Amino acid sequence: QVLLVESGGGLGQAGGSLRLSCAASTSIFSINVMGWYRQADGKQRELVAQITSGGSTGYASSVKGRFTISRVTTKNTLYLQMNSLKPEDTAVYYCNARKYDSDSGLGEYWGQGTQVTVSS
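What counts and what doesn't
- Residues numbered from 1 in each chain as written.
- Predicted model: local features only at pLDDT ≥ 70, side-chain atom pairs only at ≥ 80, totals over all residues.
- Heavy atoms only, no water.
- Disulfide = S-S within 2.5 Å.
- Helix = DSSP H or I, 4+ residues; strand = E, 2+ residues; numbered from the N terminus.
- Buried < 20%, exposed > 50% of the residue type's maximum accessible area, 1.4 Å probe, protein only.
- Salt bridge = Lys/Arg side-chain N within 4 Å of Asp/Glu carboxyl O.
- Pairing = 2+ DSSP bridges.
- Core = buried A, V, L, I, M, F, W, Y, C linked by side-chain atoms within 4.5 Å.
- Contact = heavy atoms within 4.5 Å.
- Axes fitted to C-alpha atoms, helices over the stretch in contact; angles between N-to-C directions.

Caption draft 1: Layout of the state of the cysteines. Applying the stated rule across the entire model yields one disulfide. Across the disulfide, C22 is cross-linked to C95 (sulfur-sulfur distance 2.1 Å). Its S-S torsion of about -80° marks the bond between C22 and C95 as left-handed, since a negative value means left-handed. Of this pair, C22 sits in strand β3 (residues 18-24) while C95 sits in strand β9 (residues 91-101); the two residues are 73 residues apart in sequence, bridging distant segments of the chain. Of the two residues examined, C22 and C95, each falls in the buried class.

Here it is as structure tokens:
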């Protein structure tokens with residue numbers, strides 16, 4: 001079981017910045033992939049960015065060059081730095097973790113979500 005708690009959402013302005021944090025209840029070294037997803041009203045949840053245990057990162061084309069995913073392993077915390085915000089970035093952002101366990105196989109875990117609203 002991995003508990004994920006997001007923080008840092010809120011109201012931002014177009015062109016501004018926000019940083020999201022996701023604190024994990026276990027060592028993030030043991031988590032195979034961590035990522036940020038978002039879901040806007042009336043739309044499907046979509047992958048924003050992810051990072052593997054080896055440090056490889058990937059981004060949705062809509063945020064590439066504006067958002068940066070990172071982690072601090074000593075704090076078991078994942079971050080999403082969001083710059084050059086756009087109104088279309090408005091959504092609930094979710095932290096996600098996928099962890100393989102030899103006994104139970106691949107487990108997927110979600111945080112409770114944090115609202116990001118970008119005003120024009």
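There is more to say, and it comes next.
Caption draft 2: How the structure looks around the pattern of salt bridges. For the coordinates displayed, the defined rule picks out three salt bridges. D89 is the salt-bridge partner of R38, the closest N and O atoms lying 3.0 Å from each other. Residue R38 is located in strand β4 (residues 33-39), and its partner D89 is located in the loop between β8 (77-82) and β9; the two are separated by 51 residues in the primary sequence. Given the relative accessible area of 1%, D89 is considered buried. A salt bridge links D89 to R66, with the shortest nitrogen-to-oxygen separation between them at 2.8 Å. Taken together, the residues D89 in the loop between β8 and β9 and R66 in the loop between β6 (57-59) and β7 (67-72) connect sequence positions 23 residues apart.

Caption draft 3: Summary view of the pairing of β3. Where burial is concerned, most of β3 is hidden: five out of the seven residues are buried. Here four bridges tie strand β1 (residues 4-7) to β3, and the two strands are oriented antiparallel to one another. Of the residues in β3, the one forming a bridge with S7 is S21. Relative to β8, β3 is paired through six bridges, and the arrangement is antiparallel.

Caption draft 4: Spotlight on the nonpolar core. Core analysis: the largest hydrophobic core is formed by 28 residues, its most contacted members being L4, M34, W36, L80, M82 and Y93. Looking at this core, the elements that each hand over two or more residues are β3, β4, β5 (46-52), β7, β8, β9 and β11 (114-119). If we ignore the near neighbours within four places in the chain, the residues touching M34 are L4, C22, I28, A49, Q50, I51, I69, L78, C95, N96 and A97.

Caption draft 5: Just the sheet that holds β1, in detail. The antiparallel open sheet is built from four strands, whose spatial order is β1-β3-β8-β7. Bordering the open sheet on either side are β1 and β7, each of which pairs with just one other strand. Each neighbouring strand pair of the sheet contributes to a mean axis angle of 15°, computed without reference to strand direction.

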